[in-house]
Amino acid sequence: MTGLGAVLRPQLAPERLRAVAQVADEVGLDELWLWEDCFREGGISSAAAVLAWTERVRVGVGLLPVPLRNVAVTAMEAATLHRMFPGRAVLGVGHGVQDWMGQVGARVESPVTLLREYLLALRALLRGERVSAEGRYVQLDDVALDWPPERAEEVFAGATGPRSLRLAGEAADGTVLTANTPPDGVRRARRLIDEGRAAAGRGDDVHKVVVYLLAATGATGAGARERLRAELVAEGVADVPDLGVAGGADAVAGAVRRLAEAGADTVILQPTGDEPDPEGFVRFAAEQVRPLVAAQS
């Protein structure tokens, strides 16, 4: 069955996270995702708090920008979450927004090289292996976690371009696609991911694809369409066909179905940055959209 979740965008003040997270847990939402956007909330700290405040909802972080984080620190923090909250944390890493990386002096010459080295080291550390690496960016000298996860845990990679998508298939357990990815883009991404998996001899592995879906809700549709259009214009993608959805549960479930048919395993509903009712958005996703998606699966 297609997984369904929602993202708490970092335009939401940190002190609001608890109330929205507890609603997500109460209404049975499958997954609640967070972002580590510069210069808003920290991804790991937010995820730890949300996991502690809730009992069952899976909490994803998509994405942690690898230029900002030493891979050993990320491994330590990931392992801590996995051991404290078994089966409930989902972590993704990615290049980060290059302008932001430049602002903090962390921009690298070859983001793809860094991500490859990082994924290989991170997954090995989380498997409990002792790792030495002399890469262009990742250097480790006989490093192992004292408290690795007690079971195999997935590491997702955020990717958009062809090289990064192939790398995700080669070196990650799953891929996170942005809300600027229409159904045809999901099909293309799946092909490139599969090319990477085949090149690495991982053709039999399960590789999950998570896709964000920009959604503006409202039964009448007029205000929702305006909010959706404004965000697509701001992102420079207003002319991309089949991107985002505005309206009620039937419209949103239909958009989820089209992404699932294109190859998405999980669809994360992404509210507009000016969403007036984050708690209501989470309830809408779980109570109105999720049953329709389950019926279609």
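One can find the structure itself at the top, above this paragraph.
Here is what the cut-offs are and how they apply
- Residues numbered from 1 in each chain as written.
- Predicted model: local features only at pLDDT ≥ 70, side-chain atom pairs only at ≥ 80, totals over all residues.
- Heavy atoms only, no water.
- Helix = DSSP H or I, 4+ residues; strand = E, 2+ residues; numbered from the N terminus.
- Rg over C-alpha atoms; globule rule 2.2 N^0.38 Å.
- Buried < 20%, exposed > 50% of the residue type's maximum accessible area, 1.4 Å probe, protein only.
- Contact = heavy atoms within 4.5 Å.
- Areas by Shrake-Rupley, 256 points an atom, 1.4 Å probe, with all protein chains shown as cover.
- Lys, Arg positive; Asp, Glu negative; His and termini not counted.
- Charge placed at Lys NZ, Arg CZ, Asp CG, Glu CD.
- Phe/Tyr/Trp six-rings, centres within 6.5 Å; stacked < 30°, edge-to-face > 60°.
- Pairing = 2+ DSSP bridges.
- 1 Å grid on protein atoms, 1.4 Å probe; cavity = no way out; pocket = protein on both sides within 12 Å on 5 of 7 lines; lining within 4 Å.
- Points joined across faces, edges and corners; volume = space filled by probe spheres on them.
- Nonpolar A, V, L, I, M, F, W, Y, C, P; charged D, E, K, R; others polar.
- Right-handed = clockwise from strand over helix to strand, strands pointing away.
- Polar contact = N/O pair within 3.5 Å; in protein donor to acceptor, adjacent residues only side chain to side chain.

Q: Got a minute to help me understand the overall build of the protein chain in this structure?
A: The number of helices and strands found in the protein chain is 10 helices and 11 strands. What you see for the protein chain is a C-alpha radius of gyration of 18 Å, in line with the 19 Å of a compact globule of 297 residues. Once the C-alpha set of the protein chain is aligned to its principal axes, its extents read approximately 60 × 40 × 40 Å. Per-residue burial over the protein chain gives 55% buried out of 297 residues. Restricting the contact set of the protein chain to residue pairs at least 6 apart, pairs at least 24 apart contribute 74%. When the accessible surface of the protein chain is summed, it comes to about 13100 Å², and 48% of that surface belongs to carbon and sulfur atoms. Of note, the protein chain has its 32 positive side-chain charges centred 3 Å away from the centre of its 41 negative side-chain charges.

Q: What should I look at first to understand the packing of aromatic side chains in this one?
A: The description of an aromatic ring pair rests on the distance of the ring centres and on the angle between the ring planes. One pass over the full model with this rule turns up two aromatic pairs. A ring pair is formed by W33 and Y212, whose centres lie 6.2 Å apart and whose planes are at 90 degrees; its orientation type is edge-to-face. Placement of the pair is W33 in strand 2 (residues 31-34) and Y212 in strand 9 (residues 208-217), with a sequence separation of 179 residues. Relative accessible area serves as the criterion here: at 0%, W33 is assigned to the buried category. Judged by centre distance (5.6 Å) and plane angle (85 degrees), the ring pair of W35 and Y212 falls under edge-to-face. One end of the pair, W35, is in the loop between strand 2 and helix 2 (43-53); the other, Y212, is in strand 9, with 177 residues separating them in the sequence.

Q: What am I meant to see in the pairing of strand 11 (residues 266-270) here?
A: Burial within strand 11 is extensive, with five of its five residues counted as buried. Along strand 11, one buried face is formed by T266, I268 and Q270 and the opposite face, lined by V267 and L269, is buried too. In terms of strand pairing, strand 1 (residues 3-8) meets strand 11 through four bridges, oriented parallel. Bridge pairing in strand 11 places G3 opposite T266. Here strand 9 runs beside strand 11; their pairing, made up of five bridges, is parallel. What sits directly across from L213, in strand 11, is L269.

Q: When you look at the layout of surface pockets in this model, what are you seeing that I'm missing?
A: Using a probe with the size of a water molecule, rolled over the atoms, empty space left in the structure can be pinpointed. As a volume, the largest pocket reaches approximately 910 Å³. Contributing to the lining of the largest pocket are 32 residues, with D37, L63, V97, W100 and T178 lying nearest its centre. At the level of secondary structure, the elements contributing two or more residues to the lining of the largest pocket comprise strand 3 (58-65), helix 4 (98-103), strand 8 (174-177), strand 9 and helix 8 (222-235). Of the residues forming the lining of the largest pocket, the biggest block, four residues, is contributed by strand 3. Of the residues in the lining of the largest pocket, the class split is 15 nonpolar, 11 polar and six charged. Along its surface, the second largest pocket is lined by M1, G3, D30, E31, W33, R58, V90, F156, K208, V210, D265 and T266. Sorting the residues of the lining of the second largest pocket by element identifies strand 2 and strand 9 as the ones contributing at least two each. Class assignment of the residues belonging to the lining of the second largest pocket gives a composition of five nonpolar, two polar and five charged.

Q: Where do I start with the pairing of strand 1 in this structure?
A: A regular strand places its side chains so that they alternate between the two faces of the sheet. The buried fraction of strand 1 amounts to six of the six residues, a majority that puts the element mostly inside the structure. The two faces of strand 1 match: G3, G5 and V7 on one face and L4, A6 and L8 on the other face are all buried. For strand 1 and strand 2, the ladder comprises four bridges, and the chain directions are parallel. By the bridge assignment, L8 is partnered in strand 2 with L34. Taken together, strand 1, helix 1 (residues 17-27) and strand 2 form a β-α-β motif whose crossover is right-handed.

Q: What exactly am I supposed to notice about the side chain of E36 here?
A: Relative to the helices and strands, E36 resides in the loop between strand 2 and helix 2. Within the local environment of E36, its side chain forms a polar contact with the backbone nitrogen of G43, the two atoms lying 2.7 Å apart. There is a polar contact of 2.9 Å between the side chain of E36 and the side chain of R69. Sequence-distant contacts of E36, defined by excluding residues within four places in its chain, comprise E41, G42, G43, I44, L63, L64, P65 and R69.

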